[in-house]
Amino acid sequence: RYRDTRGGGGGGGNNNNGSSSSMPEFSELFPDNQGGWSSLKSLLTSRAVAGTTLFMMAVTFVLLRPHSSTIEEGSGSNLNPAATGAVGGALNNNNNNPQVGSKEITIGEEHQETVGAPMEHHIHEYNKIQFFDSPDKMKPIYSKGPILWDEEMGGLHMFENVCLTNNVDALRYRPDPDTGLRGLIYFTPDENIAKNSKRCVPCSNKQSMENWEDANKDRKVVGHKCGMPGLHAMFASSVGDWSDCIMEEDNSNLMEEWGQTQSPVNVSTIHFFQEPAFVLQFDAYDNQKSLFDMLMTYLPHWDKFLDGSRGDGDNGGFPFSSVISHSLQGCLSHSHDWFCEILHQMYAFGEAKEIPWEDNENTLYCYRELYYNQVGYQRNLDHEGLVTREVFGEFREMLFRKFGLPRRRTVEDRLAELEYEKAQGKNNNGNKNNADDADDEDDGNDTKIIFYDNKLSEQTVWNQMESLISKARGLEKYQNINFVTQKDFNQLSVAQQARKFNEADAVIMAHGQHMANAIFAVDGTSFVEVGCKVESLIGNPRFMKLMDGKYRAVEKCTEGGDDGSVCVSCNEDGDDGVKFTMSPKAFEKLIDDVVASLQE
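Nothing here was measured: the structure is a model prediction, and the numbers come from that model.

1. Considerations on the overall build of the protein
Here is step 1 of the chain: Along the backbone of the protein there are 16 helices and 23 strands.
Here is step 2 of the chain: Here the protein holds 600 residues, and the buried ones make up 46% of them.
Here is step 3 of the chain: The contacts in the protein between residues at least 6 apart in sequence include a share of 67% that link residues at least 24 apart.
Here is step 4 of the chain: Entry remark: accessible area of the protein is about 32,100 Å², with carbon and sulfur atoms responsible for 48%.

2. What to know about the side chain of Thr165
Here is step 1 of the chain: Tracing the chain through its elements places Thr165 in strand β6 (residues 156-167).
Here is step 2 of the chain: There is a polar contact of 2.6 Å between the side chain of Thr165 and the side chain of Gln262.
Here is step 3 of the chain: Each residue touching Thr165, except ones within four places of it in the same chain, is listed here: Arg182, Gly183, Ile185, Met234, Trp242, Gln262, Ser263, Pro264 and Leu364.

3. Looking at a nonpolar patch on the surface
Here is step 1 of the chain: Together, Phe55, Met56, Val59, Leu63 and Leu64 make up a nonpolar patch on the protein surface, roughly 560 Å² of accessible area in all.
Here is step 2 of the chain: With respect to the helices, strands and loops of the structure, Leu63 is situated in helix α3 (residues 46-64).

4. Things to note about unusual backbone geometry
Here is step 1 of the chain: Along the chain, Gly145 connects to Pro146 via a cis peptide bond; the corresponding omega equals 5°.
Here is step 2 of the chain: Structurally, Pro146 can be placed in strand β5 (residues 144-148).
Here is step 3 of the chain: A cis geometry characterises the amide bond from Ser263 onward to Pro264, with omega recorded as 5°.
Here is step 4 of the chain: Topologically, Pro264 is positioned in the loop between β10 (262-263) and β11 (269-273).
Here is step 5 of the chain: Notably, Asn127 is not glycine yet its phi reads approximately 55°, a positive angle.
Here is step 6 of the chain: Structurally, Asn127 can be placed in the loop between β3 (123-126) and β4 (129-132).

5. Quick word on the pattern of salt bridges
Here is step 1 of the chain: Overall, the coordinates contain 18 salt bridges when judged by the stated rule.
Here is step 2 of the chain: For Lys128, the salt bridge identified is with Glu275, shortest N-O distance 2.8 Å. Taken together, the residues span a long stretch of sequence, with Lys128 in the loop between β3 and β4 and Glu275 in the loop between β11 and β12 (277-279) at a distance of 147 residues.
Here is step 3 of the chain: Looking at Lys128, the relative accessible area reads 47%, which means it is partly exposed.
Here is step 4 of the chain: One salt bridge connects Asp413 with Arg408, and the closest N-O pair in it is separated by 3.3 Å.
Here is step 5 of the chain: Its relative accessible area of 27% is what places Asp413 among the partly exposed residues.
Here is step 6 of the chain: By relative accessible area, Arg408 is classed as partly exposed at 48%.

6. Re the sheet that holds strand β22 (residues 569-572)
Here is step 1 of the chain: Taken in spatial order, the three strands line up as β17-β23-β22 in an open sheet, and their pairing is mixed. Two strands in the sheet have a free side with no partner beyond their single neighbour: β17 (460-462) and β22. Neighbour-to-neighbour, the strand axes of the sheet open up by a mean angle of 25°, direction not taken into account.
Here is step 2 of the chain: As paired strands, β17 and strand β23 (residues 578-581) are joined by three bridges and run parallel to one another. Residue pairing for β23: Trp462 is matched across the bridge by Phe580.

7. A short note on the state of the cysteines
Here is step 1 of the chain: Inspection of the entire model under this criterion finds six disulfides.
Here is step 2 of the chain: The residue that forms a disulfide with Cys200 is Cys245, at a sulfur-sulfur distance of 2.1 Å. Because the torsion about its S-S bond is -75°, the bridge between Cys200 and Cys245 counts as left-handed. Separated by 45 residues along the polypeptide, Cys200 in the loop between α5 (191-195) and α6 (217-222) and Cys245 in helix α7 (residues 239-246) bring together distant segments of the chain.
Here is step 3 of the chain: A residue is classified by how much of its surface remains accessible, and Cys200, at 0% relative accessible area, is buried.
Here is step 4 of the chain: Here Cys532 engages in a disulfide with Cys570; their sulfurs sit 2.0 Å apart. Since a negative S-S torsion denotes a left-handed disulfide, the Cys532-Cys570 link at about -125° is left-handed. Here Cys570 lies in strand β22 and Cys532 lies in the loop between β20 (526-530) and α15 (541-546), a separation of 38 residues in the sequence.
Here is step 5 of the chain: By relative accessible area, which is 16% here, Cys532 ends up buried.

8. Structural notes on a negative patch on the surface
Here is step 1 of the chain: On the surface, Asp244, Glu248, Glu249 and Asp250 cluster together to form a negatively charged patch.
Here is step 2 of the chain: As for its placement among the helices and strands, Glu248 is situated in the loop between α7 and α8 (249-257).
Here is step 3 of the chain: We classify Glu248 as partly exposed; its relative accessible area is 40%.

9. Focus on the sheet that holds strand β16 (residues 447-452)
Here is step 1 of the chain: Here five strands make up an open sheet; going across it, the order is β18-β16-β19-β20-β21 and the pairing parallel. The sheet terminates laterally at β18 (481-486) and β21 (550-554), the two strands that pair on one side only. Taking the axes of each pair of neighbouring strands and ignoring which way they run, one obtains an average angle of 15° across the sheet.
Here is step 2 of the chain: Helix α14 (residues 494-503) rests against β16, β18, β19 (506-510) and β20 of the sheet, and its axis sits at about 135° to β16.

10. Considerations on the environment of Phe278
Here is step 1 of the chain: Mapped onto the secondary structure, Phe278 falls in strand β12.
Here is step 2 of the chain: Residue classification places Phe278 among the buried positions, given a relative accessible area of 0%.
Here is step 3 of the chain: Phe278 sits 89 residues away from Tyr367 along the chain, and the two C-alpha atoms are 9.8 Å apart.
Here is step 4 of the chain: Not counting chain neighbours up to four residues away, the residues in contact with Phe278 comprise Leu156, Met294, Tyr298, Phe320, Ser322, Val323, Ile324, Phe349, Tyr371 and Asn373.

11. Considering the packing of aromatic side chains
Here is step 1 of the chain: This model, assessed by the stated rule, comprises 32 aromatic pairs.
Here is step 2 of the chain: Relative to Phe305, the ring of Trp149 has its centre 6.4 Å away and its plane inclined at 65°; by these criteria the two rings are edge-to-face. Within this pair, whereas Trp149 is found in the loop between β5 and β6, its partner Phe305 is found in helix α9 (residues 287-312), the two being separated by 156 residues in sequence.
Here is step 3 of the chain: Note on Phe403 and Phe520: the rings are 5.4 Å apart at their centroids and 80° apart in plane angle, and the pair reads as edge-to-face. Residue Phe403 is located in the loop between α11 (389-402) and α12 (411-423), and its partner Phe520 is located in the loop between β19 and β20; the two are separated by 117 residues in the primary sequence. Here the two residues Phe403 and Phe520 agree in accessibility, since each one is buried.
Here is step 4 of the chain: The rings of Trp149, Phe278, Tyr298, Phe305, Phe318, Phe320, Tyr347, Phe349 and Tyr371 are connected pair by pair, giving a single aromatic cluster.

12. Considerations on α7
Here is step 1 of the chain: Most of α7 is tucked away: seven of the eight residues are buried.
Here is step 2 of the chain: Looking only at α7, the buried set comprises Val239, Gly240, Asp241, Trp242, Ser243, Cys245 and Ile246.
Here is step 3 of the chain: On its buried face, α7 sits against β6, β7 (182-187), β9 (231-236), α8, β11 and β15 (363-373).

13. Some points on the environment of Phe543
Here is step 1 of the chain: Within the fold, Phe543 resides in helix α15.
Here is step 2 of the chain: A relative accessible area of 0% places Phe543 in the buried class.
Here is step 3 of the chain: Separated by 151 residues in the primary sequence, Phe543 and Phe392 have C-alpha atoms spaced 9.7 Å apart.

So, how was this worked out
Residues numbered from 1 in each chain as written. Predicted model: local features only at pLDDT ≥ 70, side-chain atom pairs only at ≥ 80, totals over all residues. Heavy atoms only, no water. Helix = DSSP H or I, 4+ residues; strand = E, 2+ residues; numbered from the N terminus. Buried < 20%, exposed > 50% of the residue type's maximum accessible area, 1.4 Å probe, protein only. Contact = heavy atoms within 4.5 Å. Areas by Shrake-Rupley, 256 points an atom, 1.4 Å probe, with all protein chains shown as cover. Polar contact = N/O pair within 3.5 Å; in protein donor to acceptor, adjacent residues only side chain to side chain. Patch = residues over 30% accessible without salt bridge, like charges linked within 9 Å, V, L, I, M, F, W, Y side chains within 5 Å. Salt bridge = Lys/Arg side-chain N within 4 Å of Asp/Glu carboxyl O. Pairing = 2+ DSSP bridges. Axes fitted to C-alpha atoms, helices over the stretch in contact; angles between N-to-C directions. Disulfide = S-S within 2.5 Å. Lys, Arg positive; Asp, Glu negative; His and termini not counted. Charge placed at Lys NZ, Arg CZ, Asp CG, Glu CD. Phe/Tyr/Trp six-rings, centres within 6.5 Å; stacked < 30°, edge-to-face > 60°.

Here it is in structure tokens:
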């Protein structure tokens, strides 16, 4: 309650309602003796605080406000204040989404600038992969290679700035479809190549090729180099040039005639991988071909890369960071294919990641740096000194550990294992001749022979095999032989197939791809392939020497031949199917020969 010093206020000196009848003087509220403290106190009133806050917010807004709110973010375009003549046109343009290559004027608060459509709007890059939505957006690239990665080993080549295509006709090859054929687009500014109307046509798959420089009949037709096994060369000045070239009627007809139709055909998008990639090519329909055509070439390089990775880390000696396989999608990630499982368990490509590919007929895959493992380079192991016993032994030892196989690899270790079992008094008194797959246990010192008739196959089939085995079990001389039949290898996992071969002393089976499981057998195992005509990569003497194995092929009987010879009688079953039988006498002699070979 304040005192009214001006009088005239009815009610005397005090206000009846407890309030002053008029506003107090400033001097009364803040006497002079309070000095600066009173001034500070005035700023702390609610009105003063609110006013100060609003003032500071206004200052902050002005200072932090962008100069222009319409500049296209990330355009990277240079400002052009001089471009004022087009202001009127820009203001009259009602299209808020200008077409590619158009120019648009945006007006800032205090200036004008020109913003063009940036190249990055049409070229995206993610995870070190450039994506082009049109061949025209891709800058010209020129290819290099092939360059041998290791001149002493050979087989592994490097290319720069190339694209890969798929041979779609190869899947229709009969009787042997193939998933291991690719086309390679090689870019060159050579004017002579540009004038060649057949520059984009690959040579036919019928012509054998040994290396990039080989000359054959098709080279005279297409007027350019044919490439190398599994990788057929095509030439162009750009992706657009190649796509236009293969669309020409004469070229597409010739490619179809030669079984070399390529995909994609009409390229609309491009994936350009900036980091080194390895192209994995193999025949997914044949385990033996995969083993010899791809892996035998790659093994010595793998051994060298693996040694480097052990020392360096971060993928160490492996020169590539990714793997692409059009032979089988998801080979290294989720496939249970026999060959893919082998690659996965042997740590074939270090920490390199598999590149997923789209099932899109219009997307082309290109690579800044591509490694190609030449298909078939070591098919016959004729490049000596590369796949040595040490390298092959290390490879198999790794598989034995990864698959947890019960028997040791070498003959010496196996004998030591048997001696140990004898010392422990191990003796299995079970039924030694049980043909049930579930009763497959090792019968002590008995010789185990696995038989496979391939009966569920549509190709080579051994008829009446079980009847022959049943008769042999009754013979006194075979009482120490454990005959085991396998109904269908295709129903077994890779680990189960590996164990079957690992436990066997001998394998006798109809000719087919499952003999590739020989890599899981112990050294000294005897292998027999039976068929009307046997062409086996497993039977290569160089391969058998790597594992101290013994191999024999049993084929069709010759006319007028000796009845005592080990051979088969064949019955053509139309198409590609072939069925055969063997006489009891020939079968008995075959078992005698196999047992004798194991005792050598």
